[in-house]
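Commentary on secondary and tertiary structure
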There are 2 protein chains.
Amino acid sequence: MSENLSVLGKARADYKPKLPLSLRTGPLKVLVNQGNATQSVRDQDKIKELFPNTYGAPILTFEAVEEKQTAGMPLNVGVVLSGGQAPGGHNVIAGIFDGIKAVIGGSKLYGFLGGPSGLVDGKYIEIDRELMGKYRNTGGFDIIQSGRTKLESTEQFDRCIAVVKKMDLNAIVIIGGDDSNTNAAVLAEYFAAKKVKCSVIGCPKTIDGDLKNEYIETSFGFDTAVKTYSELIGNIERDANSARKYWHFVKLMGRSASHIGLEAALQTHPNICLISEEIKEKKMTLEQVIFSIVDVVVARYGAGKNFGVALIPEGLVEFIPEFGILISELNEALAHNESEIKKAGKVAEMVEAACKHISEASAKLLKSLPDGIQLQLMLDRDPHGNVQVSLIETEKLLIEMVSKELKVRAFKGKFAALNHFFGYEGRCAAPSNFDADYCYSLGYAASVLVLHNKTGYMASVRKLTDGIDNWIAGGVPTTMMMNMERRHGADKPVIQKALVDLKGKPFKYFEKHRDEWARLEDYMFPGPIQYFGPTEVCDVTNYTLMLEHDALK
Amino acid sequence: MSENLSVLGKARADYKPKLPLSLRTGPLKVLVNQGNATQSVRDQDKIKELFPNTYGAPILTFEAVEEKQTAGMPLNVGVVLSGGQAPGGHNVIAGIFDGIKAVIGGSKLYGFLGGPSGLVDGKYIEIDRELMGKYRNTGGFDIIQSGRTKLESTEQFDRCIAVVKKMDLNAIVIIGGDDSNTNAAVLAEYFAAKKVKCSVIGCPKTIDGDLKNEYIETSFGFDTAVKTYSELIGNIERDANSARKYWHFVKLMGRSASHIGLEAALQTHPNICLISEEIKEKKMTLEQVIFSIVDVVVARYGAGKNFGVALIPEGLVEFIPEFGILISELNEALAHNESEIKKAGKVAEMVEAACKHISEASAKLLKSLPDGIQLQLMLDRDPHGNVQVSLIETEKLLIEMVSKELKVRAFKGKFAALNHFFGYEGRCAAPSNFDADYCYSLGYAASVLVLHNKTGYMASVRKLTDGIDNWIAGGVPTTMMMNMERRHGADKPVIQKALVDLKGKPFKYFEKHRDEWARLEDYMFPGPIQYFGPTEVCDVTNYTLMLEHDALK
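Bear in mind that the values here come from a model prediction, so they are computed numbers and not experimental data.

Each helix and strand counted, chain A has 22 helices and 15 strands in total. Projecting the C-alpha coordinates of chain A onto the three principal axes gives extents of approximately 80 × 55 × 50 Å. When each of the 553 residues of chain A is scored for burial, the buried share is 62%. Contacts spanning at least 24 positions in sequence make up 79% of the contacts within chain A whose residues lie at least 6 apart. In the form shown here, chain A has an accessible surface area of approximately 21,100 Å², with 50% of it arising from carbon and sulfur atoms.

Encoded structure:
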């Protein structure tokens, strides 16, 4: 107990992550195949104009060859962990470390501390073999910590240049989500424009799974995080089915997409799983959402089953169109009539006062909400004066409103509901074998991109359901994934977010089975992530990837 | 995905739980060694008087011998799952099943449905080989479900007799916690008094760990449940240490003892872990508890560490003496002055009104509590008119009061706290190898007790840190663990609850290290339970057991 590693931690430290064949002979013997020039997914003219030096670069794929393709020069690389933690970040760093050390022993890896601010402020440590050894195959970003500073201003970029020059860096690798990778691409363009010879390479990280496209098949960490949540959901399903008296409402992290909920549903077969994208597509009202839940509760009660499990995506209310309208009307109303509305003091009176300044539909919705939520909408506002949607306890909102509607329907059973929220429980889990291998391969691929002075690229490892030998490693120009979007009142080039595709195979599979799952207890209990057992237990990836690739057996 | 087993479930179904050597030759070749007559732990005269037919029976230990010790007659056994789920219940049933089938193939196992009420109402199914096969090594109690009906009245007992006679049962095995085992002993005595030739055998179940003594070294399920919570706590520690901006307050299930929190602390080294028994022993006030937390928060902030993890036992407030007094005074005050107190309507006014009817100390405490908690104390009362202590969200109460005290101390940092509650997440986890083996051995031992017509016994498996070969299986007379306690206004014979022993080695170990754990990030990340890896990863038990047995390496 005196050493800081658990028994599993010690055993797991020895795991050697696997690399695809194309990387297994080391970075020097990698042939970099160049595809055709690329285009951004939309708004090509605009993106090209904004990225004159980095736009249109080719897709790169790596191939192992007999002969060295380049001389082994020492590389100085700085790495940044940006944004929320995701399982496997340490293995990306290990992949970069082993990659550049395999180029030549004198290469050095530096870790910027506390996220992008460490890069701007030049705060870093050297990651040597001993330090790296303590973090292989572990969860978390604690090796250098993470942070949420956004790299956006030219003032920041200029400070980065000063740091790069002082440290004599060949490259910066930014491990982050869609926004961080967007900013990495902007930084790459800025460096290129200023003739700063420092590559900027991105790595696709986010448990949310919304950084995904043809070339980035999945973001790292998604697999492990959802497996961890699914372990718990399975346990809760088993509990529900044993005690037979509770409904469990489980909210899952991830505000902008429902990939986590969908994958968890495919792994555990809950009675209900709400998919935000579907609710938005169908323009469902909150009432319709509540009714859809109540219908299941009532039907199950009718079959003698007064229990169940429902999965709720964290960002749900933002996808309910009328809720979005209510929020923006309230923001407006409170901005102009705050003293009048708040004067009343009591919730009901504040609601009445506010309703005078919003549309009839929004007034009706506001009045239908539980007291606590009304109060929150009136009082909890961010520094810009906006309602803080992220603070709304969606799972409790749903439970209260379901309860209310059951009373309206003269429900004869007792509706006893418990709520859970899973997020922090899985973001720093130690990576599954899949994430451990995938992350290590991404980091190793990044080292090859650095070796070849590529910039404005994201490391890419594809064909992820084909067996690791055949995984295709390479690089994708980040501009290729971009389009223009309205952000904070201005058009900005950003990586397109991947929402749940309602025509995609994972959702179709769910859609086909959900009525049966609602009615029966077809629960699946995935259990805890295993590292040492049979390969079908330890080395499988997730249903989303398998279904997307027609690889589900 | 069409079959109901996950890939891990399929692989795990093949696990063969291990038995101690004394049981490995089958139940017929077990010699039952009888010790001396026993005494109850306290109140011997009273307990003896209440259990004239079953008191004083000897401790039994099993020994494997070459020769059959008894003829193999078919046994009809009914099994009941009572109370909250605990990992391994299905393996107890599997142990009974395999045990009685090894006596003779014609033996039959029946499962009473939905807990003790299934026994009273004669609702049951036969558990055959196929059904049993689906539940080996799985979590949950879903094979026959559980329930919380208490077996206490002679009317219930008489109905049990009718069921026993109709089904021609040789024995009933009741798998439950301290209360259920107490009731099993009362039922055994009743059957004996009425000359009903049906054994009643208990099995020690509860994740809380408070059913424990010299002969019952641990209750089953504790090991798996705490390992599951510790997996999550470790992940959260890693997250806290990566993001470095949140304090996580983690409440852990278990109202009457802090074994779960203590074991989780030994596994994960959090910055703070409150132990209810210590707070009670030291007669700490709520203010002192809050100060103890605030001191750590402030000291860590001073060292540049504005984050941390605190573990909170679910039953905390009931162990704070002044809180107990406040509750009972409020119960009294509300019973006699309800309309006067509630007339005011607003929280602050209700508090003022209530304070006129309670002691000065209680009034001061009540006024120091956050609004929400005050409201709950005034309004949320059970059918008997008592304040519902179990509904108090202790983790939020602590966060609010710590926040308030930090303001008083002019704390310069931002105190951002997140709360979690782990309970349902682990109660139905699939059993660890330890629980799988221990439960199977308990069930198998129960079958031997049944074969030898023993009644009023609990199945016992001891020397649990000595290697399974050497585990000592046998039976302990349940009356031996009993004393008289005041329950609902009457003296009742009950099994003595095992609270955390403040002089015991697990607490001493924690006490020795906790200041260091508070200051540093000595976090341990146990990771998910492993079933297939190295034996030091898969087959170890928990720190509580190892420390109690001087077996920690």
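There is more to say, and it comes next.
For the pair chain A and chain B, the best superposition has an RMSD of 0.1 Å and corresponds to a rotation of 180° with a translation of 0.0 Å parallel to the axis. The symmetry that links the two subunits is that of a two-fold axis. When you check the interface residues of chain A against chain B, 100% turn up at the interface there too, and the contact is symmetric in its surfaces.

All names here are of chain B. Remark: helix α14 (residues 347-355) packs on helix α16 (residues 371-379), axes separated minimally by 10 Å, with the N-to-C direction vectors making an angle of 60°. Here α14 is positioned oblique relative to α16, judged by the angle of their axes. Crossing of α14 over α16 shows left-handed handedness. The segment α14 lies against α16, with Val 347, Met 350, Val 351 and Ala 354 engaging Asp 371, Gln 374, Leu 375, Met 378 and Leu 379. Here the contact of α14 with α16 is built from residues that sort into 7 nonpolar, 1 polar and 1 charged.

Right, let's get into a positive patch on the surface. Among the surface-exposed residues, Arg 148 and Lys 150 of chain A together with Lys 245 and Lys 414 of chain B lie close enough to one another that they form a single positively charged patch. Mapped onto the elements of the fold, Arg 148 of chain A is located in the loop between α5 (129-135) and α6 (154-167).

This paragraph deals with the packing of helix α8 (residues 222-243) of chain A against helix α9 (residues 259-268) of chain A. Residue and element names in this part refer to chain A. Remark: α8 packs on α9, axes separated minimally by 9 Å, with the N-to-C direction vectors making an angle of 50°. Accordingly, the angle class assigned to the pair α8 and α9 is oblique. Considering how the two elements wind past one another, α8 and α9 form a crossing that is right-handed. Residue-level contacts link Phe 222, Val 226, Lys 227, Tyr 229, Ser 230, Ile 233, Gly 234 and Glu 237 of α8 to His 259, Ile 260, Glu 263, Ala 264, Gln 267 and Thr 268 of α9. For the contact of α8 with α9, a count of residues per class yields 6 nonpolar, 5 polar and 3 charged.

Applying the stated rule across the entire model yields 28 aromatic pairs over all chains. Plain terms: the ring middles of Phe 434 of chain B and Trp 471 of chain B are 6.0 Å apart, the flat faces sit at 75° to each other, and that makes the pair edge-to-face. One end of the pair, Phe 434 of chain B, is in helix α19 (residues 433-451); the other, Trp 471 of chain B, is in the loop between β12 (457-462) and β13 (472-477), with 37 residues separating them in the sequence. For Phe 434 of chain B, a relative accessible area of 5% translates into the label buried. Site record: aromatic cluster; members linked through ring pairs are Tyr 110, Phe 112 and Tyr 124 of chain A. Over the face of the ring belonging to Phe 291 of chain A we find Arg 409 of chain A, whose NZ or CZ atom lies 5.0 Å from the ring centre.

The strands making up a sheet associate through hydrogen bonds between their backbones, and the pairing can be parallel or antiparallel. Residue and element names in this part refer to chain B. Pairing in this open sheet of 9 strands is mixed, and the strands run β1-β2-β13-β12-β7-β6-β3-β4-β5 from one edge to the other. In the strand order of this sheet, the two ends are held by β1 (30-34) and β5 (124-126), each with one partner. Across the sheet, the axes of successive neighbouring strands diverge by a mean angle of 30°, strand direction being ignored. Examined bridge by bridge, strand β6 (residues 171-176) and strand β7 (residues 199-204) share 6 bridges and lie parallel to one another. Bridge pairing in β7 places Ile 174 opposite Gly 202.

Further remarks concern the pattern of salt bridges. As a working rule, side chains carrying opposite charge can pair if their charged atoms are close by. All names here are of chain B. Tallied over the full model, the rule gives 59 salt bridges over all chains. Between Lys 18 and Asp 437 there is a salt bridge; the shortest N-O distance is 3.5 Å. One end of the pair, Lys 18, is in the loop between α1 (7-13) and β1; the other, Asp 437, is in helix α19, and 419 residues separate them in sequence. The partly exposed category is assigned to Lys 18, whose relative accessible area is 34%. The exposure class assigned to Asp 437 is buried, which follows from its relative accessible area of 2%.

What follows concerns the nonpolar core. Membership of the largest hydrophobic core comes to 180 residues, with the highest contact counts inside it found for Ile 93 and Val 173 of chain A together with Ile 93, Ile 127 and Val 173 of chain B. Not counting the four nearest positions on each side in its chain, Ile 93 of chain A is found in contact with Val 79, Leu 81, Leu 109, Ile 127, Met 132, Ile 143, Ile 144 and Ile 175 of chain A. Residues Val 296, Val 297, Ile 312 and Ala 518 of chain B belong to the second largest nonpolar core, which totals 51 residues.

Bringing the confidence of the model for chain A into the picture now. Confidence along chain A averages 95 in pLDDT terms, with 99% of residues attaining 70 or more. For this predicted complex, the interface confidence score (ipTM) comes to 0.96, while the overall pTM stands at 0.97.

All names here are of chain A. Position of Leu 334 relative to the elements: it lies in helix α13 (residues 321-343). The class for Leu 334 is buried, based on a relative accessible area of 0%. With 47 residues separating them in the primary sequence, Leu 334 and Arg 381 have C-alpha atoms 9.9 Å apart. Among all residues touching Leu 334, those that are not within four sequence positions of it are Ile 341, Leu 377, Met 378 and Arg 381.

Take the pairing of strand β12 (residues 457-462) of chain A next. All names here are of chain A. When you tally the buried positions in β12, you get 6 out of 6 residues, the bulk of the element. The alternating pattern of β12 places Tyr 457, Ala 459 and Val 461 and Met 458, Ser 460 and Arg 462 on opposite faces, both of which are buried. Bridge count for strand β7 (residues 199-204) against β12 is 2 bridges, and the pairing is parallel. When the bridges of β12 are listed, Ile 201 appears paired with Tyr 457. In the sheet, β12 pairs with strand β13 (residues 472-477) via 6 bridges, with the strands oriented antiparallel.

Our focus in this paragraph is helix α7 (residues 178-193) of chain A. All names here are of chain A. Between the first and last C-alpha of α7 there are 23 Å, a value that for 16 residues agrees with the 22 Å anticipated at 1.5 Å per step. The set of residues buried in α7 consists of Asp 178, Ser 180, Asn 181, Thr 182, Asn 183, Ala 184, Ala 185, Leu 187, Ala 188, Glu 189, Tyr 190 and Phe 191. Positioned one or two residues after α7, Lys 195 has a phi angle of 60°, which is positive.

Glancing now at helix α11 (residues 286-302) of chain B. The periodicity of an α-helix, 3.6 residues per turn, causes residues three or four places apart in sequence to face the same way. Residues and elements named next belong to chain B. When the terminal C-alpha atoms of α11 are compared, their 24 Å separation across 17 residues agrees well with the 24 Å that a helix rising 1.5 Å per residue should span. Within the sequence span of α11, burial applies to Leu 286, Val 289, Ile 290, Ile 293, Val 294, Val 296, Val 297 and Arg 300. Projected down its long axis, α11 shows its buried positions confined to an angular sector of 155°, all on one face. The exposed residues of α11 that point more than 90 degrees off its buried face are Ala 299 and Gly 302.

All right, on to the interface of chain A and chain B then. In this complex, chain A contributes 66 residues to the contact, which on the side of chain B involves 66 residues. Of the roughly 5,100 Å² buried between chain A and chain B on both sides combined, carbon and sulfur atoms contribute 55%. Here chain A and chain B share 4 salt bridges between them. Across the salt bridge formed by Asp 142 of chain A and Arg 238 of chain B, the nearest N and O atoms sit 3.2 Å from each other.

So, about the sheet that holds strand β3 (residues 76-81) of chain A. Residues and elements named next belong to chain A. Sheet architecture is open: 9 strands sit in the order β1-β2-β13-β12-β7-β6-β3-β4-β5, paired in mixed fashion. Bordering the open sheet on either side are β1 (30-37) and β5 (124-126), each of which pairs with just one other strand. Across this sheet, the average inter-strand angle for adjacent strands is 25°, counted without regard to direction. Helix α19 (residues 433-451) rests against β1, β2 (58-64), β3, β6 (171-176), β7, β12 and β13 of the sheet, and its axis sits at about 135° to β12.

Residues and elements named next belong to chain A. Mapped onto the elements of the fold, Asp 223 is located in helix α8. Relative accessible area serves as the criterion here: at 1%, Asp 223 is assigned to the buried category. A polar side-chain atom of Asp 223 sits 2.8 Å from a polar atom in the side chain of Lys 227. Separated by 3.5 Å, the side chains of Asp 223 and Thr 541 make a polar contact. Other than its neighbours up to four places away in sequence, Asp 223 contacts Ser 432, Phe 434, Asp 435, Thr 541 and Asn 542.

So, how was this worked out
Residues numbered from 1 in each chain as written. Chains lettered and ligands numbered in written order. Predicted model: local features only at pLDDT ≥ 70, side-chain atom pairs only at ≥ 80, totals over all residues. Heavy atoms only, no water. Helix = DSSP H or I, 4+ residues; strand = E, 2+ residues; numbered from the N terminus. Buried < 20%, exposed > 50% of the residue type's maximum accessible area, 1.4 Å probe, protein only. Contact = heavy atoms within 4.5 Å. Areas by Shrake-Rupley, 256 points an atom, 1.4 Å probe, with all protein chains shown as cover. Least-squares fit on C-alpha atoms with pLDDT ≥ 70 in both. Axes fitted to C-alpha atoms, helices over the stretch in contact; angles between N-to-C directions. Parallel < 35°, antiparallel > 145°, perpendicular 65-115°, else oblique. Left-handed = near helix turned anticlockwise from the far one by under 90°. Nonpolar A, V, L, I, M, F, W, Y, C, P; charged D, E, K, R; others polar. Patch = residues over 30% accessible without salt bridge, like charges linked within 9 Å, V, L, I, M, F, W, Y side chains within 5 Å. Salt bridge = Lys/Arg side-chain N within 4 Å of Asp/Glu carboxyl O. Lys, Arg positive; Asp, Glu negative; His and termini not counted. Charge placed at Lys NZ, Arg CZ, Asp CG, Glu CD. Phe/Tyr/Trp six-rings, centres within 6.5 Å; stacked < 30°, edge-to-face > 60°. Lys NZ or Arg CZ within 6 Å of the ring centre and 35° of its normal. Pairing = 2+ DSSP bridges. Core = buried A, V, L, I, M, F, W, Y, C linked by side-chain atoms within 4.5 Å. pLDDT = per-residue confidence, 0-100. Expected span 1.5 Å × (residues − 1). Arc of directions from axis to C-beta. Buried area = accessible area lost by both parts, 1.4 Å probe. Polar contact = N/O pair within 3.5 Å; in protein donor to acceptor, adjacent residues only side chain to side chain.

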